[in-house]
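One-letter residues, chain by chain:
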Amino acid sequence: MTENYPNPQTGGHTPDPHATAPLHGQPAGPPPAAPPAAGLATPPAPPRRGRKGFAAAVLAGALVVGGGAGLGGAAVWSAFDDEGTSTSAGSDRTSSQVVSASDEEAPKGSVEQVAAKVLPSVVQIEVSGAQGAGSGSGIVLSSDGVILTNNHVIEAAADGGEMTVAFSDGSRAEAEILGRDPLTDTAVIKAKGVDDLTPATIGDSESLDVGEQVVAIGSPFGLESTVTSGIVSALDRPVNVGQDDQNNSTTYPAIQTDAAINPGNSGGPLVNMNGEVVGINSSIRTASSTGGEAGSIGLGFAIPVDPVLPIVDQMSEGERPTHARLGISVSDPGARAAAEGPSGLLGQQQPQAEQKDDAPAVIGAEVVELGEDSTAGEAGIKAGDVITAIDDTRINSADSLVATIRSYRPGDEVSVTFLRDGQEQTVTLELASD
């Protein structure tokens, strides 16, 4: 099950006004995609009263008393034994030493050092609106309060809701939306009336390697300033977290990590050991198939920063985000798009039929439909062709093609390799803009 959002639809012709497959509106998966988000953490339910409450109160009292006794015991111990050990007359009995450890500076490149550097640049975002209430995380981009987060974190505040940002020093401020982009599940907000914030350092996600150590920071389940660490488990993992209101898929080439990511971590940074932001924590895969907010099983996904930085700049300036597109709809090879609903609409989501028994075992993304003025169509690509590579990136599914195209910008020139009647062909084309 994918956390926070509906399970991504599998099969089906994946339309694309931007790359190929459809996208979501409320993010919620490697195929099947992860749920987008380590999402919003819902507010905890009020404590229940009764026997359990009484037991909790007794336990709390015991802890307080125990703490007092422990403190008193330590004080008496020290008074009787300045050296930290004692030996009774005529006995070999010894006691524990009480020592004070120096708080040494964290070594460079350690999780401790990274946390100290990045924590002041991470915020907790609390949102309420008609869709409900929850919390997520964000990354400070400027000293005057510009903050990067996930679209699904702040979506509830898009239609008249309220949004509050809590900073690492305990201060709080109201915030407004500068821009949001469901296709990449990113958003930019601005905290009001703040200054002297500590902007995060943005790194290079292209320089990441599998096995490299990373740190995730955020507010899982509302626990602000939580730090976890792990490694990069995989790169360019196609993650489909849902669709927007036009049936365009929210799919991105994710950084997979085993650093613990949970509901509420969404929008927070994934950083390298130099303390540089390389990803935006966005979704997790869960093992549970029941409702509720499941936790981390070591399959977390972050949006790499390199492909989305131009979109972040557009949103920060109040501009409408743009995306590269091929102008085609695709599905996994061997599948027939069911003829339901209106046809010919680029971006129309249609269910995918079962693969034919005699269908060839081809891996790639099959072109189902070409849109009007399709740049792929103009380059000679036809319905039925199976795209197998974009430049040097192998394409193994419809989601893979969408995620790969999302890593480019409008106007970029790419080489598209495809199969037609079993013969491999290659064309070079310029990606259009949506």
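Computed from a prediction, not measured in an experiment: that's the story for all the values here. (Residues numbered from 1 in each chain as written. Predicted model: local features only at pLDDT ≥ 70, side-chain atom pairs only at ≥ 80, totals over all residues. Heavy atoms only, no water.)

Section: the overall build of the protein
- Per the secondary structure count, the protein includes 6 helices and 21 strands.
- Looking at the protein as a whole, 48% of its 434 residues qualify as buried.
- Carbon and sulfur atoms provide 49% of the accessible area of the protein, an area that totals close to 20500 Å². (Helix = DSSP H or I, 4+ residues; strand = E, 2+ residues; numbered from the N terminus. Buried < 20%, exposed > 50% of the residue type's maximum accessible area, 1.4 Å probe, protein only. Areas by Shrake-Rupley, 256 points an atom, 1.4 Å probe, with all protein chains shown as cover.)

So, helix α4 (residues 305–316)
- Taken as a whole, α4 has its buried residues at V305, P307, V308, I311, V312, Q314 and M315.
- Positive backbone phi, approximately 80°, marks G318, located one or two places after α4.

Observations concerning the pairing of strand β16 (residues 365–370)
- Pairing analysis gives 4 bridges linking strand β15 (residues 328–331) to β16, with the strands arranged antiparallel. Within the sheet, the bridge partner assigned to V330 lies in β16 and is V367.
- As paired elements, β16 and strand β17 (residues 386–390) share 2 bridges and run antiparallel to each other. Across the sheet, the residue bridging to A365 is I387, located in β17. (Pairing = 2+ DSSP bridges.)

Points about unusual backbone geometry
- At F221, a position not held by glycine, the phi torsion is positive, near 55°.
- Of note, F221 is situated in the loop between β8 (213–218) and β9 (226–243).
- Its identity is not glycine, yet D373 carries a phi of approximately 60°, on the positive side.
- With respect to the helices and strands, the residue D373 is situated in the loop between β16 and α5 (375–378).

Description of helix α6 (residues 398–406)
- The buried fraction of α6 is high, at 9 of 9 residues.
- Among all positions of α6, only A398, D399, S400, L401, V402, A403, T404, I405 and R406 are buried.

Overview of the sheet that holds strand β6 (residues 186–191)
- Strands sit in the order β1-β2-β3-β6-β5-β4 around a closed barrel of 6 strands; the barrel is antiparallel. Neighbour-to-neighbour, the strand axes of this sheet turn through a mean angle of 40°, independent of strand direction. (Axes fitted to C-alpha atoms, helices over the stretch in contact; angles between N-to-C directions.)

Section: the confidence of the model for the protein
- Across the protein, pLDDT averages 79, with 72% of residues at or above 70.
- Segment residues 1–33 is flagged for pLDDT under 50; beyond a separation of four residues in sequence, or across chains, it makes 198 contacts in the model.
- Considering only residues more than four positions removed or in separate chains, one finds that residues 47–85, a stretch of pLDDT under 50, has 13 contacts. (pLDDT = per-residue confidence, 0-100. Contact = heavy atoms within 4.5 Å.)

Some remarks on the environment of E224
- Along the chain, E224 falls in the loop between β8 and β9.
- Taking the C-alpha atoms as reference points, E224 and S137, 87 residues apart in sequence, are found 8.4 Å from one another.
- Dropping the residues within four chain positions of it, E224 is found in contact with Q124, G218 and S219.

Structural notes on the side chain of Q256
- Here Q256 lies in strand β10 (residues 249–257).
- Within polar-contact distance, the side chain of Q256 engages the side chain of R237 at 2.8 Å. (Polar contact = N/O pair within 3.5 Å; in protein donor to acceptor, adjacent residues only side chain to side chain.)

Describing the pattern of salt bridges
- In this structure the tally under the stated criterion is 3 salt bridges.
- With a closest N to O distance of 2.8 Å, R420 and D385 form a salt bridge. Pair noted here: R420 is in strand β19 (residues 413–420) and D385 is in the loop between α5 and β17, with a separation of 35 residues, a long-range link. Accessibility assignment for this pair places R420 and D385 in one class, buried. (Salt bridge = Lys/Arg side-chain N within 4 Å of Asp/Glu carboxyl O.)

Some thoughts on the environment of R172
- Mapped onto the elements, R172 comes out in strand β5 (residues 172–181).
- Measuring from C-alpha to C-alpha, the distance between R172 and V194 comes to 9.3 Å, with 22 residues separating the pair along the chain.
- There is a polar contact of 2.5 Å between the side chain of R172 and the side chain of E126.

Things to note about the side chain of S249
- Within the secondary structure layout, S249 lies in strand β10.
- Among the polar contacts listed, one links the side chain of S249 to the side chain of T251, at a separation of 3.1 Å.

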